[in-house]
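Chain by chain, the residues run as shown.
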Amino acid sequence: MIRLPKSAEPPESAGPDGRGLRADATRNRNQLLEVATRVFVSAGTEPSMRAIAREAGVGIGTLYRHFPTRESLVDAVYHDQVARLTDGARELLAELPPPAALRRWMDLFGDWIATKNGMLDTLLAMIETGEIAHLGTQAKLLAAIDAILDAGRVTGDLRTDVSAEDIAAGLIGIFTVARPPEHAARADRLLNLLMDGLRPTP
């Protein structure tokens, strides 16, 4: 199983040796982030902060200590997922041939789409107010796709006439009609068909 990077953590107040409390706080924050991501994926509507704390097995005060507002939690989950996509492209290429790396990256993109299920209203509001730079995220994702495409062009395993924008548009279309996780099987089939079209014709 490929391990993808965690989001960068902000500094926490430390104990006398400057280590113990920071490590505990980082673990607690990571756990809350993982649980919140899972809850956002499965939720049909935006879950309450109390529901997320309950799922994580902590008190609401603990959740608010790490994420003082719903917006701060959504921001952390959003950027964590973007980091998994951008850094994940490089890590996937280090372990897999370009076509396999691209196909696995498509799954990660689907996970990112699914995460938005339970935080869409807050996310859209934050994009509208400029709290989240949507265009900056778009540029990072296209750069991640380009990195895999460039590797595939070098090996001759991926077509040279396809752009990152083409693939991004295809992915958005697929996950619009086959939104994960409810339609995962259909999404898999469509993604495989997309991959077939990205390989050079013999």
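As the structure is a computational prediction, the values presented were derived from the model and not from experiment.

Engineer: Hey, could you run me through the overall build of the protein in this one?
Structural biologist: Check the secondary structure of the protein and you find nine helices and zero strands. In the protein, the order of α-helices and β-strands from amino to carboxyl end is α-α-α-α-α-α-α-α-α. In the protein, buried positions account for 40% of the 202 residues. Taking contacts inside the protein between residues at least 6 apart in sequence as the whole, the part at least 24 apart equals 67%.

Engineer: Any chance you could explain the packing of aromatic side chains here in plain terms?
Structural biologist: Centre distance and the angle of the planes are the two values used to describe a pair of aromatic rings. The tally for this structure, following the rule as stated, stands at four aromatic pairs. Arranged with centres 6.0 Å apart and planes meeting at 50°, the rings of Tyr78 and Trp112 form a pair that is tilted. Of this pair, Tyr78 sits in helix α4 (residues 70-95) while Trp112 is found in helix α5 (residues 98-115), placing the two residues 34 residues apart along the sequence. For the pair shown, Tyr78 and Trp112 are each scored as buried. A connected cluster of aromatic rings, assembled from ring pairs, spans Tyr78, Trp105, Phe109, Trp112 and Phe175. The ring of Trp112 has Lys116 sitting right over it, with the charged end atom 3.8 Å from the ring centre.

Engineer: Please explain helix α6 (residues 120-129) as it appears in this structure.
Structural biologist: Residues three or four positions apart in an α-helix share a direction because the helix packs 3.6 residues into each turn. Of the residues making up α6, those classed as buried are Thr122, Leu123 and Met126. Considered in projection along α6, the buried side chains sweep an arc of 100° and stay on one side of the axis. Residues of α6 that are exposed and angled more than 90 degrees away from the buried face: Asp121 and Glu128. The elements touched by buried residues of α6 are α4. Of the residues flanking the end of α6, it is Gly130, one or two places downstream, whose phi is positive at about 85°.

Engineer: When you look at the nonpolar core in this model, what are you seeing that I'm missing?
Structural biologist: What tends to happen in soluble globular proteins is that the nonpolar side chains get buried as a cluster. One finds Trp105, Phe109 and Ile167 to be the most contacted residues of the largest nonpolar core, which totals 52 residues. Elements with a contribution of two residues or more to this core: α1 (20-42), α2 (49-56), α4, α5, α6, α7 (134-155), α8 (164-177) and α9 (184-198). Of all the elements, α4 adds the most residues to this core, at nine residues. In this view, Ile167 contacts Leu102, Met106, Ile145, Leu149, Val162 and Leu198; residues no more than four positions away in its chain are not counted.

Engineer: Looking at this structure, how should I read the environment of Gln81?
Structural biologist: Take Gln81: it is sitting in helix α4. Given the relative accessible area of 8%, Gln81 is considered buried.

Engineer: Even after reading the chapter, I still don't get the confidence of the model for the protein, so can you show me in this structure?
Structural biologist: Residues shown with low pLDDT carry predicted positions that ought not to be read at fine detail. Overall, the predicted model of the protein reaches an average pLDDT of 85, with 90% of residues at or above 70. Within the protein, α9 carries the highest mean pLDDT (95), whereas α1 carries the lowest (83). Across residues 1-18, confidence stays below pLDDT 50; counting only partners more than four residues off in sequence or on other chains, it has 35 contacts.

Engineer: Sorry, what's going on with the environment of Ala101 here?
Structural biologist: Relative to the elements of secondary structure, Ala101 occurs in helix α5. Given the relative accessible area of 0%, Ala101 is considered buried. Residues Ala101 and Gly88 lie 13 residues apart in sequence; the distance between their C-alpha atoms is 9.3 Å. When residues no more than four places from it in sequence are discounted, the contact partners of Ala101 are Leu92, Leu93, Leu96 and Ile148.

Engineer: Is there a simple way to think about the packing of α4 against α5 in this case?
Structural biologist: Remark: α4 packs on α5, axes separated minimally by 9 Å, with the N-to-C direction vectors making an angle of 175°. Considering the angle they form, α4 stands roughly antiparallel to α5. Of α5, the residues touching α4 (which contributes Val77, Tyr78, Gln81, Val82, Arg84, Leu85, Ala89, Leu92 and Leu93) are Pro98, Ala101, Arg104, Trp105, Leu108, Phe109, Asp111, Trp112 and Thr115.

Engineer: How should the pattern of salt bridges be read in this particular structure?
Structural biologist: In a structure, side chains of opposite charge can pair up when their charged atoms sit close to one another. Tallied over the full model, the rule gives eight salt bridges. The shortest N-O distance in the salt bridge between Asp196 and Arg199 comes to 3.3 Å. Judged by its relative accessible area of 38%, Arg199 is partly exposed. Each of the salt bridges in this network shares a partner with another, and the network as a whole consists of Arg103, Asp107 and Asp188.

Parameters and conventions
- Residues numbered from 1 in each chain as written.
- Predicted model: local features only at pLDDT ≥ 70, side-chain atom pairs only at ≥ 80, totals over all residues.
- Heavy atoms only, no water.
- Helix = DSSP H or I, 4+ residues; strand = E, 2+ residues; numbered from the N terminus.
- Buried < 20%, exposed > 50% of the residue type's maximum accessible area, 1.4 Å probe, protein only.
- Contact = heavy atoms within 4.5 Å.
- Phe/Tyr/Trp six-rings, centres within 6.5 Å; stacked < 30°, edge-to-face > 60°.
- Lys NZ or Arg CZ within 6 Å of the ring centre and 35° of its normal.
- Arc of directions from axis to C-beta.
- Core = buried A, V, L, I, M, F, W, Y, C linked by side-chain atoms within 4.5 Å.
- pLDDT = per-residue confidence, 0-100.
- Axes fitted to C-alpha atoms, helices over the stretch in contact; angles between N-to-C directions.
- Parallel < 35°, antiparallel > 145°, perpendicular 65-115°, else oblique.
- Salt bridge = Lys/Arg side-chain N within 4 Å of Asp/Glu carboxyl O.

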